[in-house]
Amino acid sequence: MKKMLLFFCSALFLSLSAQKKAKDYSNIIKSKNIYEINAFLRDAHPDDPRRSVLKPKVMDMMREYIKDAHPEDQKVKEMQEMLALLKRRPSTKITFDEMNAIIKQKQIAKYKAELAAKKSLIEFTPSNAQNAIVTNTSTTTVAIPDAEAEEFNMLMTVSPVEHKNKTVKILNSLFDNDPMSKECIVLIENKSDCNIIVRMEGVGVTKYRLAVPAHNENSIVIEKGDYLFTSLVCGAQYASQKTIKKPILVALGTSESK
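Residues numbered from 1 in each chain as written. Predicted model: local features only at pLDDT ≥ 70, side-chain atom pairs only at ≥ 80, totals over all residues. Heavy atoms only, no water.

As annotated in an unreviewed UniProt entry, the protein chain is DUF6759 domain-containing protein from Chryseobacterium piperi.

Novice: A description of the sheet that holds strand S9 (residues 236–244) should follow, citing residues and the corresponding values.
Specialist: Reading across from one edge, S6-S5-S8-S9 is the order of the 4 strands in this open sheet, with antiparallel pairing throughout. Since the sheet does not close on itself, it has two edges, and those belong to strand S6 (207–212) and S9, each with one partner. Across this sheet, the average inter-strand angle for adjacent strands is 20 degrees, counted without regard to direction. (Pairing = 2+ DSSP bridges. Helix = DSSP H or I, 4+ residues; strand = E, 2+ residues; numbered from the N terminus. Axes fitted to C-alpha atoms, helices over the stretch in contact; angles between N-to-C directions.)

Novice: Talk me through helix H4 (residues 75–88); I want residue IDs and the actual numbers.
Specialist: Between its first and last C-alpha, H4 extends 21 Å over 14 residues, near the 20 Å set by a 1.5 Å rise per residue. Where H4 is concerned, the buried positions are Val76, Met79, Met82, Leu83, Leu85 and Leu86. Those residues of H4 that are buried are in contact with helix H2 (34–43) and helix H3 (51–68). (Expected span 1.5 Å × (residues − 1). Buried < 20%, exposed > 50% of the residue type's maximum accessible area, 1.4 Å probe, protein only. Contact = heavy atoms within 4.5 Å.)

Novice: Which residues make up the sheet that holds strand S4 (residues 183–190), and what values go with them?
Specialist: Spatial strand order, S7-S4-S10: 3 strands in an open sheet with mixed pairing. The open sheet has two free edges, formed respectively by strand S7 (216–223) and strand S10 (248–252), since each of these has just one partner strand. Averaged over all neighbouring strand pairs, the angle between strand axes comes to 20 degrees, with direction disregarded. Pairing analysis gives 8 bridges linking S4 to S7, with the strands arranged antiparallel. Each bridged residue has a counterpart across the sheet, and for valine 186 the counterpart in S7 is isoleucine 220.

Novice: Provide a residue-level description of the pattern of salt bridges, including the pertinent values.
Specialist: Per the counting criterion, the structure on display carries 6 salt bridges. With its nearest N and O atoms 2.8 Å apart, the salt bridge here joins glutamate 151 to arginine 199. Remark: arginine 199 occurs in strand S5 (residues 196–201) and glutamate 151 occurs in helix H6 (residues 146–156); sequence separation between them is 48 residues. Residues participating in the shared-partner salt-bridge network are Glu148, Glu151, Arg199 and Arg209. (Salt bridge = Lys/Arg side-chain N within 4 Å of Asp/Glu carboxyl O.)

Novice: A description of the packing of H2 against H4 should follow, citing residues and the corresponding values.
Specialist: The packing of two helices is summarised by the inter-axis angle and the distance between the axes. Closest axis-to-axis distance for the H2/H4 pair is 13 Å, and the angle between their directions is 30 degrees. As far as their axial angle goes, H4 and H2 are roughly parallel. For the pair H2 and H4, the crossing hand works out as left-handed. Contacts between H2 and H4 involve Ile34, Tyr35, Asn38 and Leu41 from the first element and Lys75, Glu78, Met79, Met82 and Leu86 from the second. (Parallel < 35°, antiparallel > 145°, perpendicular 65-115°, else oblique. Left-handed = near helix turned anticlockwise from the far one by under 90°.)

Novice: An account of H3 is requested, with residue identities and associated values reported.
Specialist: The first and last C-alpha atoms of H3 sit 26 Å apart over 18 residues, in line with the 26 Å expected at 1.5 Å per residue. Taken as a whole, H3 has its buried residues at Arg51, Leu54, Val58, Met59, Met61 and Met62. Looking straight down H3, one finds its buried side chains confined to an arc of 160 degrees; they lie on one side. Relative to its buried face, H3 has exposed residues pointing more than 90 degrees away, namely Ser52, Lys67 and Asp68. If you follow the buried residues of H3, they end up packed against H2 and H4. (Arc of directions from axis to C-beta.)

Novice: I'd like to hear about the pairing of S6, residue by residue, with values.
Specialist: The sheet contact formed by S5 and S6 spans 6 bridges and is antiparallel. Directly across from isoleucine 197, in S6, lies its bridge partner alanine 211. Counted along the chain from S5 to the antiparallel partner S6, the turn is 5 residues long, and its residue glycine 204 has a positive phi close to 65 degrees.

If you want it as structure tokens, here you go:
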């Protein structure tokens, strides 16, 4: 009994030590790291007195970074967004619903731009039955399993009329706030180096396929319900059961894919 108690206490001590090590803010006042202070403001108790010192400090650091940054520095936009949040609230922490709203607005802007341009913002050039070349801004990625290359090409190659109809349907879904609606939008973000096909299998014959280029995203409107999501991501099998009741974002291609 004593051995078991000793083992339990040791395990608890190690667990607490690991947690403390992972988020040790004991010297946070001396920190000159924007991201570290930003993390503290998100995690700390609302009444922590260090907040009154660190919030203005990190805001000044962000302003300084933006002022001295190179015009093409990709972090400037991120700093501006964090600074804007800190002006309105105690930290940059946002709720799940707020995150969904941000994603929704970005998607609306994207698909409105597509309709205005009358073409997809993703430039796709099929090469052959074994590979697909997807041009995303200035980068070119060649990656798709041989077994799925032809299917990926087929899913990506749609007529202007089909693309317009799909875009209108997605926009209607994004604007639809009716909880009784039978359909909703699914956004797939592909963070991997490979083009992928995401398969969504529901009850009976309800099935959907969505081609998503590497380092890009794509959306589809599906019926609400229970689905098995599967995909082959750079040779690794992905599978997850999801209940779709409202718009959802699924990120693939990272160790944290869900």
